[in-house]
Amino acid sequence: MSTLTSMRNARGSGRSGQLIGTLSVLAVVLLAWQFLPTALGTPSYVVPVLSDVLNALFDPEAFPRYLSNAGATMTEVLLGLGIGVALGLALAVTLAQLPRVYGVVFPYIVAIESIPKVAVAPLFVIWFGFGLPSKVVVVVLLAFFPVLVNTIHGLRSVDKDQIDLFRVNGASPLQLRMRLMIPAALPQIFSGLELAVANSMIGAIVAEFVGAQEGLGVLILQAQGRMETAAVFALLIILSALGIALNVLVRTVRKVVVNWEGR
Amino acid sequence: MTISPIVELEQLGKVYPTRTGDVTALTDVDLRIDDGEFVAIVGPSGCGKTTLLKILAGLEQHTSGVGTLGGRELGSGAADVGMVFQKATLLPWQDVRSNVLLPVSLQRRPSKADRAAADELLEMVGLTDFASKRPHELSGGMQQRAAICRALVHEPSMLLMDEPFGALDAMTRDLLNVEVNRIWRETHKTVVLITHSIPEAVFLAQRVIVMSPRPGRIVDQVEVPFGPERTLELLGTPEFGALCSTIRRHFEKEAAA
């Protein structure tokens, strides 16, 4: 027991050591950002120093505008993500029940999976206009495929003996799905979800670049047009923070739900 | 008093259609297993022993002949059996007790009596302290013990074991074999064990069914003359060794042919 405890301590201090390392890298990067541009004589419209970026970010006039536009972008992301994930899960579970249909559809899934889907964003703006719907449709498309592909893969790789175990014990098709297939596929479903989250942010921003009235993508383009590089960086910081927050949220839910993983 | 057969197979066969023609997995299987008997089936891979077990379990349909299990025609719905696989196949998201209760919970909400039965089985295999643990916290041997409890919890008329200890190390395997012998004596269940280890078959069974591949069929049935209680000392006796050699000769003939 004492060996176990000391091993746990060793692992614990290793983990906090890692954290110190990660934070040191961040500190070095931030310091370099503040002092290197001036030292190298880089003009501020190319790389503004950190303090200028922070001033732009927390500018009392601009900040409320940033927030409301971030709200618009997140509305697109969350709506699209919700719809895309729901559709991906539903179709995956359906296809896993119908191996023949799956065989027919599979080549199309692979084909669509390998096209850069953001390229169709201009088309969606033509079809659905400059408002919310065109952005949501792009996000749905980008969130849907990773969830579909990963969920199908998870459902298809359930252990054959475990399926036999359920069949020997007279499990109904619904019990087989709800009590074995879906829980067993959860690790892969969450992997798909993590990809979907990252894709959704990309989808929303690209769709906003193509044509929108509001959103962080619009603000970035406006700041670029005025050559306000510090504002562009400030908006990128907001965008990154939102992306990281969503990713951390999904990973945390994964740790709680898939609590048998990674031990 | 006559012992009633729990399994009766007559001319049972199984043919798989494949693209390159039909493959005969099993042919002309005549087998009678008495209630409470411990039967082991040995044979090299491809001899159809797993197919035979799956037919008994109702997981596969035979294509010729007739068979009954517990008086019911084979192939008429889920069989009244408990099954142990080579892997423990415990569900990682449930604790050990819930895993053991799976056969019950698929039929109805487990009652207090069901939970008591599960705890009793876990006590029998020495896993009482692990009832609330998750499977990944158990060793391979402990997981397989839990899987045996799961196969017994719904009081099936028969226990089917498909190379249950094939993935374990030799020492754990010996200990578990002693335990299976004890469980069999305590529960009086009919047991059918599939194995490719001849000593394991002789150590555990009252009768060893020898199977041969291409096509899968029964080539011999060997009565094991030792009493119901088996201990590890048996493994070192000349009688034990002689019986193993008798059975092994079937496969040497096969290899030479």
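Residues numbered from 1 in each chain as written. Chains lettered and ligands numbered in written order. Predicted model: local features only at pLDDT ≥ 70, side-chain atom pairs only at ≥ 80, totals over all residues. Heavy atoms only, no water.

1. With respect to the packing of helix 7 (residues 160–168) of chain A against helix 8 (residues 173–210) of chain A
All names here are of chain A.
Phase 1: Running from N to C, helix 7 and helix 8 cross one another at 145°; their axes reach a closest spacing of 11 Å. Relative to helix 8, helix 7 is oriented so that their crossing is right-handed. Across the interface between the two elements, Q162, I163 and F166 of helix 7 pack against Q175, L176, R179, L180 and M181 of helix 8.
Phase 2: Split into classes, the residues belonging to the contact of helix 7 with helix 8 amount to five nonpolar, two polar and one charged. (Axes fitted to C-alpha atoms, helices over the stretch in contact; angles between N-to-C directions. Helix = DSSP H or I, 4+ residues; strand = E, 2+ residues; numbered from the N terminus. Left-handed = near helix turned anticlockwise from the far one by under 90°. Contact = heavy atoms within 4.5 Å. Nonpolar A, V, L, I, M, F, W, Y, C, P; charged D, E, K, R; others polar.)

2. Re the pairing of strand 2 (residues 21–34) of chain B
Residue and element names in this part refer to chain B.
Phase 1: Bridge count for strand 1 (residues 5–18) against strand 2 is 10 bridges, and the pairing is antiparallel. Within the sheet, the bridge partner assigned to V15 lies in strand 2 and is T24.
Phase 2: The hairpin formed by strand 1 and strand 2 contains two residues between the paired strands. (Pairing = 2+ DSSP bridges.)

3. Overview of the nonpolar core
Phase 1: Membership of the largest hydrophobic core comes to 84 residues, with the highest contact counts inside it found for A:Y66, B:L9 and B:L52.
Phase 2: Ranked by residue count, the leading element in this core is helix 8 of chain A, at 12 residues.
Phase 3: The contacts of A:Y66, once residues within four sequence positions are left out, are A:A56, A:L57, A:L216, A:L219, A:A231, A:A234, A:L235 and A:I238. (Core = buried A, V, L, I, M, F, W, Y, C linked by side-chain atoms within 4.5 Å. Buried < 20%, exposed > 50% of the residue type's maximum accessible area, 1.4 Å probe, protein only.)

4. A short note on a negative patch on the surface
Phase 1: Residues B:E8, B:E10, B:D28 and B:D30 make up a contiguous surface patch of negative charge.
Phase 2: For B:E8, a relative accessible area of 38% corresponds to the partly exposed category. (Patch = residues over 30% accessible without salt bridge, like charges linked within 9 Å, V, L, I, M, F, W, Y side chains within 5 Å. Areas by Shrake-Rupley, 256 points an atom, 1.4 Å probe, with all protein chains shown as cover. Salt bridge = Lys/Arg side-chain N within 4 Å of Asp/Glu carboxyl O. Lys, Arg positive; Asp, Glu negative; His and termini not counted. Charge placed at Lys NZ, Arg CZ, Asp CG, Glu CD.)

5. As for the confidence of the model for chain B
Any segment with low pLDDT has predicted coordinates that should not be analysed in fine detail.
Phase 1: Summing up the model confidence of chain B, the mean pLDDT is 91 and the portion of residues at 70 or higher is 97%.
Phase 2: Scoring of the predicted complex yields 0.84 for pTM and 0.91 for ipTM. (pLDDT = per-residue confidence, 0-100.)

6. So, the state of the cysteines
All names here are of chain B.
Phase 1: Considering all chains together, one arrives at zero disulfides over all chains under this definition.
Phase 2: The thiol sulfur of C47 is not disulfide-bonded, and the nearest other cysteine sulfur, from C244, lies at 17 Å.
Phase 3: By relative accessible area, C47 is classed as buried at 0%. (Disulfide = S-S within 2.5 Å.)

7. Regarding the sheet that holds strand 7 (residues 158–162) of chain B
Residue and element names in this part refer to chain B.
Phase 1: Across the sheet, six strands lie side by side as 6-7-8-3-9-10; this open sheet has mixed pairing. Sheet topology places strand 6 (81–84) and strand 10 (217–223) at the edges, where each strand pairs with a single neighbour. Within the sheet, the average angular offset between the axes of one strand and its neighbour, ignoring direction, is 20°.
Phase 2: Strand direction decides the pairing type here: strand 3 (residues 38–42) and strand 9 (residues 207–212), joined by four bridges, are parallel.

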